[in-house]
Amino acid sequence: MTAVPVHGVDFTSAPSRRKPITVATGERQGAVVRLLGLRALADWPAFEAWLRQPGPWVAGLDLPFGLPRELVQTLGWPTDYAALIAHYAALDREQIRSSFAAFCDARPTGAKFAHRGCDVPAGASSSMKWVNPPVAFMLHAGVPRLIAAGLSLAGLLAGDPARVALEAYPGLLARELIARRSYKSDAKAAQTPERLIARKDLIEALEQGRTRLGLRLKLSHAQRDDLVADASGDRLDAVLAMLQAAWGAAQPRHGWPADVDPLEGWILSA
């Protein structure tokens, strides 16, 4: 059986040596996904070069690929996906923040943000949020670079069929296995023994294949120790996104339901 190359990307809209974009690379053979390695991309040139590596491969990236249609229509922005991303990329962050804040200000308490069809089933934040987490800025920094590199954004935009990008959300897979237990924090003071135990439990569940994805993670002892030791959770999140990509690579339509809004996109396995 031919191995399928897969990647998972824990993304940040401001990569640095302290907080790089983290990539997990693996291969799927049947129901087993073997982790081959992890790498840290500390700046945009490194990320852009990585995107251009030859295929075939499928990558799950932890950033939103689309905006809520309700938001787009209310703001009068283009409703064609390629035109929308081009328009969005031309804005700066302050323009995005002020446009979204004005949208929220006009709405009632408790319903400030618009949501995509995939946000609620995935338990994800609205892709228009600009703080906690700033996923709107992640979209702004990431998706135009995927398009510029010529990737195929499955279901959204045709590109190189040998390099396929899918929207992943590690939190969806983590919650399936350890519920709402927190397993990571960037703040040193919050890197507690309880979170370390949660990471160990999550990794054990992945290795045993206890997910509805029907996949089992294969790690070396050194890789397991590395994932447990990373209190930020960035490496583990990249591995979770890699497993979601491995699932999506084997699904019809990459796991998209038939009625997905082609402006909003879909989160893997939601």
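Below, the structure is looked at part by part. (Residues numbered from 1 in each chain as written. Predicted model: local features only at pLDDT ≥ 70, side-chain atom pairs only at ≥ 80, totals over all residues. Heavy atoms only, no water.)

Quick look at the overall build of the protein
For step 1, the next point in the chain: Of regular secondary structure, the protein possesses 10 helices and 7 strands.
For step 2, the next point in the chain: Relative to the compact-globule value of 18 Å for 270 residues, the protein shows a C-alpha radius of gyration of 18 Å, a close match.
For step 3, the next point in the chain: Taken along the three principal axes of its C-alpha coordinates, the protein extends 50 × 45 × 35 Å.
For step 4, the next point in the chain: The 270 residues of the protein split such that 50% are buried.
For step 5, the next point in the chain: Within the protein, residue pairs in contact and separated by at least 24 positions form 66% of the contacts whose partners lie at least 6 positions apart.
For step 6, the next point in the chain: Total accessible area on the protein stands at roughly 11,700 Å², and carbon and sulfur atoms take up 54% of it.
For step 7, the next point in the chain: For the protein, the distance from the average site of its 31 positive side-chain charges to the average site of its 27 negative ones is 3 Å. (Helix = DSSP H or I, 4+ residues; strand = E, 2+ residues; numbered from the N terminus. Rg over C-alpha atoms; globule rule 2.2 N^0.38 Å. Buried < 20%, exposed > 50% of the residue type's maximum accessible area, 1.4 Å probe, protein only. Contact = heavy atoms within 4.5 Å. Areas by Shrake-Rupley, 256 points an atom, 1.4 Å probe, with all protein chains shown as cover. Lys, Arg positive; Asp, Glu negative; His and termini not counted. Charge placed at Lys NZ, Arg CZ, Asp CG, Glu CD.)

Some thoughts on the state of the cysteines
For step 1, the next point in the chain: Per the counting criterion, the structure on display carries 0 disulfides.
For step 2, the next point in the chain: Not engaged in a disulfide, the cysteine C104 finds its nearest cysteine sulfur in C118; these two sulfurs lie 17 Å apart.
For step 3, the next point in the chain: By relative accessible area, which is 5% here, C104 ends up buried.
For step 4, the next point in the chain: The buried category is assigned to C118, whose relative accessible area is 0%. (Disulfide = S-S within 2.5 Å.)

Things to note about the packing of aromatic side chains
For step 1, the next point in the chain: Within the structure shown, the criterion is met by 9 aromatic pairs.
For step 2, the next point in the chain: Plain terms: the ring middles of F11 and W44 are 5.8 Å apart, the flat faces sit at 40° to each other, and that makes the pair tilted. Residue F11 is located in the loop between β1 (4-10) and β2 (21-29), and its partner W44 is located in helix α1 (residues 44-51); the two are separated by 33 residues in the primary sequence.
For step 3, the next point in the chain: With a relative accessible area of 18%, W44 lands in the buried category.
For step 4, the next point in the chain: A centroid spacing of 6.1 Å and a plane angle of 65° characterise the contact between W44 and F47, whose relative ring orientation is edge-to-face. (Phe/Tyr/Trp six-rings, centres within 6.5 Å; stacked < 30°, edge-to-face > 60°.)

A few points about the nonpolar core
For step 1, the next point in the chain: In terms of nonpolar packing, the biggest core is built from 53 residues, with F47, F65 and F100 touching the most fellow members.
For step 2, the next point in the chain: Elements with a contribution of two residues or more to this core: β2, α1, β4 (57-61), α2 (69-75), α3 (81-89), α4 (93-105), α6 (135-148) and β5 (151-153).
For step 3, the next point in the chain: Of the residues forming this core, the biggest block, 8 residues, is contributed by α6.
For step 4, the next point in the chain: Excluding residues that lie within four positions of it along the chain, F100 makes contacts with L67, L71, L75, W77, Y88, M128, W130 and A136.
For step 5, the next point in the chain: Membership of the second largest hydrophobic core comes to 36 residues, among which are V33, L213, L215 and V239. (Core = buried A, V, L, I, M, F, W, Y, C linked by side-chain atoms within 4.5 Å.)

Looking at the sheet that holds β2
For step 1, the next point in the chain: One open sheet holds the 7 strands; their spatial order is β5-β6-β4-β1-β2-β3-β7, and the pairing between them is mixed. Every other strand in the sheet has two partners, leaving β5 and β7 (216-218) as the edge strands with one partner each. Taken pair by pair, the neighbouring strands of this sheet meet at an average axis angle of 30°, ignoring direction.
For step 2, the next point in the chain: Across the face of the sheet, α6 comes into contact with β4, β5 and β6 (160-167) while running at roughly 125° to β5. (Pairing = 2+ DSSP bridges. Axes fitted to C-alpha atoms, helices over the stretch in contact; angles between N-to-C directions.)

Points about helix α9 (residues 221-229)
For step 1, the next point in the chain: Looking at α9, one finds that the buried residues are Q223, L227 and V228. Projected down its long axis, α9 carries its buried residues within an arc of 135°, all on one side. Among the exposed residues of α9, those oriented more than 90 degrees off its buried face are H221, A222, D225 and A229.
For step 2, the next point in the chain: Contact partners of the buried residues in α9: β3 (32-41), α8 (193-208), β7 and α10 (234-249). (Arc of directions from axis to C-beta.)

Some words on the side chain of D119
For step 1, the next point in the chain: With respect to the helices and strands, D119 occurs in helix α5 (residues 119-122).
For step 2, the next point in the chain: Of note is the side chain of D119, whose polar atom sits 2.8 Å from the backbone nitrogen of R116. (Polar contact = N/O pair within 3.5 Å; in protein donor to acceptor, adjacent residues only side chain to side chain.)

With respect to unusual backbone geometry
For step 1, the next point in the chain: For the bond from G55 to P56, the omega torsion is 5°, close enough to zero to count as cis.
For step 2, the next point in the chain: With respect to the secondary-structure elements, P56 resides in the loop between α1 and β4.
For step 3, the next point in the chain: The omega torsion across N132 and P133 is 0°, close enough to zero to call that bond cis.
For step 4, the next point in the chain: Even without glycine at this site, N132 takes up a positive phi of about 45°.
For step 5, the next point in the chain: Among the secondary structure elements, N132 is positioned in the loop between α5 and α6.
For step 6, the next point in the chain: The residue A179 is not glycine, and still its phi comes out positive at about 55°.
For step 7, the next point in the chain: Checked against the element boundaries, A179 lands in the loop between α7 (170-178) and α8.

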